[in-house]
Amino acid sequence: MGGIAGGISFKVNEALNKRKTSSCSISEKAKIKGRSATENPRDYLDEALERQGLEKTPKRLKEKWTDGEYNYEVRIHKGNSKYTDADSIYRVSRQKVPDPDPKVQGSGKEYLGSDGKWYHERELIEFNKNGTPNPLYNEHSAEVTHISVD
């Protein structure tokens, strides 16, 4: 089917997919779109853009939401030359929803890398607050969690 009918069919399918995915988790949306449910940072960026009603990726963005047991955040900002040569990057982070019991301590943030793995923030900080080198710092994880916007 081509021409006008093909274009209409595409628009109808696109609208149905948006309706189907509006209340789905990121992994469910990936399955509906025909992708595997692996941790793909682009899925989180797409979710943030969709939540803000954007069709194009802006130069700056911050979007937060809760899904299941995690609070998520996607940020777009200028790239840091220490980690990337990209002008604009995005970062995807998650943190477990806090336990209502004030005696239970939080677990900290994790950042998603372009390799599909989550890295704890303690691996991404080169120096401790007192200025001493962080022995847990992992340069690779710091680089892959600064994802180029292209």
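See the structure printed just above.
Predicted, not measured: the structure shown is a model, and the values here were computed from it.

Peer 1: Explain the environment of Y83 here, please?
Peer 2: Note that Y83 resides in the loop between β2 (70-78) and β3 (88-96). On a C-alpha basis, the gap between Y83 and E143 in space is 4.9 Å, while along the polypeptide they are 60 residues apart. In contact with Y83, not counting residues within four places along its chain, are L124, Y137, A142, E143 and H146.

Peer 1: Looking at this model, I keep getting lost on the nonpolar core. Mind explaining?
Peer 2: Here is a general trend for soluble globular proteins: nonpolar side chains tend to be buried in one another's company. In this structure, Y44, V74 and V92 are the most contacted members of the largest nonpolar core, which totals 15 residues. For this core, the elements supplying multiple residues, two or more each, are α3 (41-51), β1 (61-67), β2 and β3. Filtering out sequence-adjacent residues up to four positions away, V92 remains in contact with P41, Y44, E73, V74, E110, Y111, L112 and W118. One finds Y83, Y111, Y119 and L124 within the second-largest nonpolar core, a separate group that totals six residues.

Peer 1: For this particular structure, what's the right way to read the pattern of salt bridges?
Peer 2: Think of it this way: side chains of opposite charge can pair up when their charged atoms draw near. Evaluated as defined, the whole model comprises nine salt bridges. The shortest N-O distance in the salt bridge between E63 and R51 comes to 3.2 Å. Of this pair, E63 sits in strand β1 while R51 sits in helix α3, and the two are twelve residues apart along the sequence. A salt bridge links K96 to E69; the nearest nitrogen and oxygen atoms lie 3.1 Å apart. With K96 in strand β3 and E69 in the loop between β1 and β2, this pair connects stretches of sequence that are 27 residues apart. Classification of E69 as partly exposed rests on a relative accessible area of 46%.

Peer 1: Looking at this structure, how should I read α3?
Peer 2: Since the α-helix packs 3.6 residues into each turn, any two residues three or four apart lie on the same face. Of the residues making up α3, those classed as buried are P41, D43, Y44, L45, E47, A48 and L49. Backbone geometry just downstream of α3 places G53 in the positive-phi region, at approximately 70°.

Peer 1: It is not clear to me how the pairing of β1 should be interpreted in this structure. Could you clarify?
Peer 2: Regular strands show a simple pattern: their side chains alternate between the two faces of the sheet. Inspection of the sheet shows β1 paired to β2 by seven bridges, in the antiparallel sense. Each residue of the ladder has a partner; that of E63, found in β2, is V74. Between β1 and β2, which follow one another and run antiparallel, lie two residues, and G68 among them has a positive phi close to 65°.

Peer 1: What am I meant to see in the packing of aromatic side chains here?
Peer 2: Aromatic ring pairs are described here by two measures, namely the spacing of the ring centres and the angle between the planes. A complete count under the given rule lists five aromatic pairs for this structure. With a centroid separation of 5.8 Å and 25° between ring planes, the pair formed by W65 and Y72 is classed as stacked. The pair W65 / Y72 is uniform in exposure class, with both members buried. With a centroid separation of 6.5 Å and an interplanar angle of 50°, the aromatic rings of Y72 and W118 are classed as tilted. Note that Y72 is positioned in strand β2 and W118 in strand β5 (residues 118-120), a separation of 46 residues in sequence.

Peer 1: Help me understand the side chain of N134, please; the structure alone is not making it clear to me.
Peer 2: Tracing the backbone shows N134 in the loop between β5 and α4 (139-144). When its relative accessible area of 12% is taken as the criterion, N134 is described as buried. Of the polar contacts made by the side chain of N134, one reaches the backbone oxygen of R122; its length is 2.7 Å. Ignoring anything within four residues of it in the chain, the contact list for N134 reads R122, I125, E126, F127 and N128.

Calculation notes
Residues numbered from 1 in each chain as written. Predicted model: local features only at pLDDT ≥ 70, side-chain atom pairs only at ≥ 80, totals over all residues. Heavy atoms only, no water. Helix = DSSP H or I, 4+ residues; strand = E, 2+ residues; numbered from the N terminus. Contact = heavy atoms within 4.5 Å. Core = buried A, V, L, I, M, F, W, Y, C linked by side-chain atoms within 4.5 Å. Buried < 20%, exposed > 50% of the residue type's maximum accessible area, 1.4 Å probe, protein only. Salt bridge = Lys/Arg side-chain N within 4 Å of Asp/Glu carboxyl O. Pairing = 2+ DSSP bridges. Phe/Tyr/Trp six-rings, centres within 6.5 Å; stacked < 30°, edge-to-face > 60°. Polar contact = N/O pair within 3.5 Å; in protein donor to acceptor, adjacent residues only side chain to side chain.

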